[in-house]
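Fold and geometry: a report
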Amino acid sequence: MSNTLQKNLDYKKFVIDSKLQYFKPHATKIEKTFSEEISSSLNRDLKFISPKFFYDKKGSDLFEKICSLPEYYPTRTEISILKKIQDELPSYIDKNFRLVELGSGTSVKTRLILDIFAKLEGTLEYFPIDISEILTESSEQLLQNYSRLHITGIIDTYEGGLEFLKTYDDKKNLILFLGSSFGNFFPNDGYEFLKKINFTMKPDDLFLIGLDLVKDRQILELAYDDSQGVTAEFNLNVLSRINDELDADFNLKNFTHHAIYNEEDQRIEMYLKSLVNQSVVISKSNLLLNLKKNELIHTEHSHKYRLPQINEILTSAGFEIKHTWLDDNKHFSLTLVSKN
Ligand SMILES: C[S@@+](CC[C@H](N)C(=O)[O-])C[C@H]1O[C@@H](n2cnc3c(N)ncnc32)[C@H](O)[C@@H]1O
């Protein structure tokens, strides 16, 4: 069976018009994965919920709100770097590149790269990859502003999207992975994931990754525990999602948001803390969850890096560093690499 045919069997294709199409795994596969993963990750001593489950419609909207909070420096800082590279990035790309983005979200930052692509001749092609349906809204908005743009959206995990891309065609890709989303991976998983990206890339492809840097504890902790409580709402929303989609009975009043910087491991750790001894039924995962007062459910790690570590991580995964750009305060980094 050819790869293209296999792909069509795994994904349902939605053609909206000549400029917009989506690929999405069959619904049964998505539901099965969610209930199975929750069943295993909450049925152990150190309980956790993967951060990829934050992003239902409400979670994606809340993340958008987080991005404009005064405490949440990463978004505006990365945007400032993307503005700074407007004159430099064009020397690395040409009209034969397509733009691919892992975890594209609202595609707001993407616009700064699309502006560069728009100055080149030819068709403007964008492949956003995101687990959230938000991808459809952001794609429609982009098409209103970029007349030569053609979008193929892949509503799937990063890994699913990379598999899709690997066999798609021979066109050169500039792959974006912004927002320091890479920092959500445990170091070993992150290394494996970078190797997967490297394996997906063709010899002339490029990869641009945004990574958050180590900084003052107070700045970090406020960014993940803001005064308006939006991050807390975002964290707690994953329980509402489990209630709605997996037929569970979490009482959100029995949990609180907890975010702390672990200096030794250079990461913000985000948890949901149980305020009482309690039992929760998650019907579709066949799980009776018993939680003690003050027990933590881990929901996200957000690793912070030092520049030599970024070089080390990327080179060990088989990349050659082309350039690293920083903001004026050295709070955030953008690194462009090719396959070694
Ligand atoms: C932290 S947000 C970053 C959004 C945007 N790239 C930015 O820099 O502001 C992470 C995005 O990746 C998506 N996402 C999270 N985990 C994912 C996964 N495992 N596979 C695919 N998409 C994922 C989310 O839906 C969300 O849109």
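All figures in this text were calculated on a predicted structure; none of them were measured in a lab.

1. Looking at the side chain of Lys172
- Inspection of the secondary structure assignment puts Lys172 in strand 7 (residues 172–177).
- A polar side-chain atom of Lys172 sits 2.8 Å from a polar atom in the side chain of Asp94.
- Those residues in contact with Lys172 that lie beyond four places of it in its chain are Asp94, Asn96, Phe97, Arg98, Lys202, Asp204 and Asp205.

2. Focus: the site of the ligand
- By nearness alone, 15 residues border the ligand, and Tyr55, Gly103, Lys109, Asp130 and Tyr158 come closest of all.
- Between the ligand and Lys109, the relevant distance is 2.7 Å, taken from an oxygen atom to a side-chain nitrogen or oxygen of the residue.
- At 3.2 Å, a backbone N or O of Ile131 approaches a nitrogen atom of the ligand.
- Notes on the ligand: free accessible area 590 Å², of which the protein chains cover 91%.

3. Here's the deal with the packing of aromatic side chains
- For the coordinates displayed, the defined rule picks out 22 aromatic pairs.
- With a centroid separation of 4.8 Å and an interplanar angle of 55 degrees, the aromatic rings of Phe23 and Phe164 are classed as tilted. Taken as a pair, Phe23 in strand 2 (residues 20–25) and Phe164 in helix 7 (residues 158–166) lie far apart in primary sequence, 141 residues in all. Both residues of the pair, Phe23 and Phe164, count as buried.
- The ring of Phe199 carries Lys166 above its face, with NZ or CZ at 4.4 Å from the centroid.

4. Topic: the environment of Tyr126
- Mapped onto the elements of the fold, Tyr126 is located in strand 5 (residues 124–129).
- With 187 residues separating them in the primary sequence, Tyr126 and Ile313 have C-alpha atoms 27 Å apart.
- Setting aside anything within four residues of it in sequence, one finds Tyr126 in contact with Leu99, Glu101, Ser104, Ser107, Thr110, Leu142, Leu149, His150, Ile151 and Thr152.
- Only 3.0 Å separates the side chain of Tyr126 from the side chain of Ser107, close enough to count as a polar contact.

5. Focus: the domain arrangement of the protein chain
- Looking at the assigned domains, one finds that the protein chain contains domain 1 (42–58 + 217–303) and domain 2 (72–215 + 307–339).
- The gap between the C-alpha centroids of domain 1 and domain 2 is 28 Å.
- With 16 residues of domain 1 at the contact, the number on the domain 2 side is 17 residues.
- Buried area between domain 1 and domain 2, summed over both chains or domains, comes out near 1400 Å², and the portion from carbon and sulfur atoms is 55%.
- It is Ile219, Gln266 and His303 that lose the most area in domain 1 upon contact with domain 2, and together they represent 32% of the buried surface on that side.
- Across the domain 1-domain 2 interface, the total number found is one salt bridge.
- The salt bridge involving Glu137 is made with Lys57; its shortest N-O contact spans 3.3 Å.
- Scanning the region where domain 1 abuts domain 2 turns up six residue pairs in polar contact (both at pLDDT 80 or more).
- If you tally residues by element for the side of domain 1 that touches domain 2, the top one is strand 13 (residues 296–303), at five residues.

Reading guide: rules and limits
Here the residue numbers are simple positions, counted from 1 along each chain's written sequence. Only residues with pLDDT of at least 70 get local features here, since the model is predicted, and only at 80 or more are side-chain atom pairs given and counted; chain-wide, interface and lining totals rely on the full set of residues. The side-chain numbers reported here are obtained from all heavy atoms of the structure, hydrogens and water having been left aside. The helix and strand labels rest on DSSP assignments: H or I over at least four residues marks a helix, E over at least two residues marks a strand, and numbering proceeds from the N terminus. Polar contacts here mean pairs of N or O atoms no more than 3.5 Å apart (in protein, one a potential hydrogen donor and the other a potential acceptor; neighbouring residues in sequence count only if both atoms are side-chain atoms). Note on contacts: a residue pair qualifies if any of its non-hydrogen atoms lie within 4.5 Å across the two residues. Only a single heavy atom is needed: when it lies within 4 Å of a molecule or strand, its residue is near that molecule or strand. Accessible areas in this description were obtained via Shrake-Rupley with a 1.4 Å probe; residue shielding takes into account the shown protein chains only. In this analysis, rings of Phe, Tyr and Trp, with Trp reduced to its six-membered ring, are considered paired at centre separations within 6.5 Å, and the interplanar angle assigns stacked below 30 degrees, edge-to-face beyond 60, and tilted for intermediate values. Burial classes: relative accessible area under 20% of the type maximum marks a residue as buried, over 50% as exposed, and values in between as partly exposed (1.4 Å probe, protein chains only). By definition, being over a ring means that NZ of Lys or CZ of Arg is both within 6 Å of the ring centre and within 35 degrees of the ring normal. An automatic or database domain assignment provides the domain bounds reported here. What counts as buried area is the accessible surface, traced by a 1.4 Å probe, that two parts surrender upon association, with contributions from both included. Each reported salt bridge corresponds to a side-chain nitrogen of Lys or Arg within 4 Å of a carboxyl oxygen of Asp or Glu.

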